[in-house]
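The lines below spell out each chain.
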Amino acid sequence: MTGARLRVENISVAFGERRRLVGRADPLRAVDDVSFDVRDGEILGVVGESGSGKTTVARCIAGLQRYAEGTISFDNVPIGPVSERPPRLLRAIQMVFQDPRSSLNPRRTVAQCIGEAWTSFPLPGSADRREATADLLTDVGLEADLAGRYPAQLSGGQCQRVSIARALAARPSMLVCDEAVSALDVSVQAQILHLLVDLRERHGLCMVFITHDLGVVRQVADRVVVMQRGAIVEQGPVDDIFAAPEQPYTRELLGAALDLHS
Ligand SMILES: Nc1ncnc2c1ncn2[C@@H]1O[C@H](COP(=O)(O)OP(=O)(O)OP(=O)(O)O)[C@@H](O)[C@H]1O
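Residues numbered from 1 in each chain as written. Predicted model: local features only at pLDDT ≥ 70, side-chain atom pairs only at ≥ 80, totals over all residues. Heavy atoms only, no water.

## A short note on helix α9 (residues 186-203)
And step 1. For α9, spanning 18 residues, the distance from its first C-alpha to its last is 25 Å, which sits close to the expected 26 Å at 1.5 Å a residue.
And step 2. Against β3 (43-47), α7 (129-139), α8 (156-169), β7 (174-178), β8 (206-211) and α10 (214-220) lie the buried residues of α9.
And step 3. Of the residues flanking the end of α9, it is Gly204, one or two places downstream, whose phi is positive at about 60 degrees. (Helix = DSSP H or I, 4+ residues; strand = E, 2+ residues; numbered from the N terminus. Expected span 1.5 Å × (residues − 1). Contact = heavy atoms within 4.5 Å.)

Next up, the structure:
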């Protein structure tokens, strides 16, 4: 058994604390005592209906959301918000977002979008940026001559490949993918999922894969965490959860997914 790279321990996030202080409403516990590990080279799926807290967990891992309680550690080092992370850990965890078009700056070329990463995490001194960009584009299955195009001149799938290349430019150890294929057509979804699995093999990346789509989890994840109303209701190997879900909520989610695909 390989060791845990990411360890999420008992984290909780509440929104609306300030309102509660002035006596207007109870805070909403968007994430409630959530714990899980991501092991070396593993893809962990996080599923649940809308509002179950998946994105909030992803943002905590990426350092974009503060958590009031608990600990998140990477390679045994506790990690807090981005502003407090050492560069090594900032680089190690990169996020891929849902909407590739809005996550790329429309006024920048593909090469410039990818090169943004090197402002924070410079390439080794001898490396040539143009060559590194071409290598990254090839790595994500794009032609190197797309480097001069703007996002509006690319398809949704190509934009998501560029977002993935931008994440890889930081030379990460982990990708946090938040609904990374939800905005794409089904056939393009399959290609991007295939790419992510392939990148895991080639670069030894581990991933947290957030999605509301159980079919997607089944295609990519090794293990799955099922969330409902901010809490984990069930977690385990994908094959076990799909074959014999223990919790009624998981059975409901699986039933809904089957209805949708039948
Ligand atoms: N910045 C915020 N301020 C207040 N409430 C928030 C904030 N962000 C999220 N929430 C609330 O926290 C809960 C969890 O939201 P979150 O986006 O993490 O869920 P989700 O499972 O990712 O949902 P979806 O699939 O719809 O994105 C929701 O009730 C949401 O309205």
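## Examining the site of the ligand
And step 1. Every residue lining the ligand is accounted for by Phe15, Leu28, Ala30, Glu49, Ser50, Gly51, Ser52, Gly53, Lys54, Thr55 and Thr56.
And step 2. Between the ligand and Gly51 there is a distance of 2.7 Å, counted from an oxygen atom to a backbone nitrogen or oxygen.
And step 3. Taking Ser52, its main chain carries an N or O atom lying 3.0 Å from an oxygen atom of the ligand.
And step 4. In the complex, 56% of the free accessible area of the ligand, which totals 630 Å², lies under the protein chains.
And step 5. Looking at the shell around the ligand, the elements with two or more residues in it are β2 (28-39) and α2 (54-62).
And step 6. Of all the elements, α2 adds the most residues to the shell around the ligand, at three residues. (Near = heavy atom within 4 Å. Polar contact = N/O pair within 3.5 Å; in protein donor to acceptor, adjacent residues only side chain to side chain. Areas by Shrake-Rupley, 256 points an atom, 1.4 Å probe, with all protein chains shown as cover.)

## Here we look at the sheet that holds β8
And step 1. The mixed open sheet is built from six strands, whose spatial order is β6-β7-β8-β3-β9-β10. The open sheet has two edge strands, β6 (93-96) and β10 (231-237), and neither has a second partner. Put simply, the sheet's adjacent strands are angled 15 degrees from each other on average, direction ignored.
And step 2. Along the sheet, α8 contacts β6 and β7; its crossing angle with β6, the most-contacted strand, is approximately 170 degrees.
And step 3. In the packing of α9 onto the sheet, contacts are made with β3, β7 and β8, and the angle to β8 comes to roughly 160 degrees. (Pairing = 2+ DSSP bridges. Axes fitted to C-alpha atoms, helices over the stretch in contact; angles between N-to-C directions.)

Honestly, that's just the spatial picture; any functional story needs more than this.
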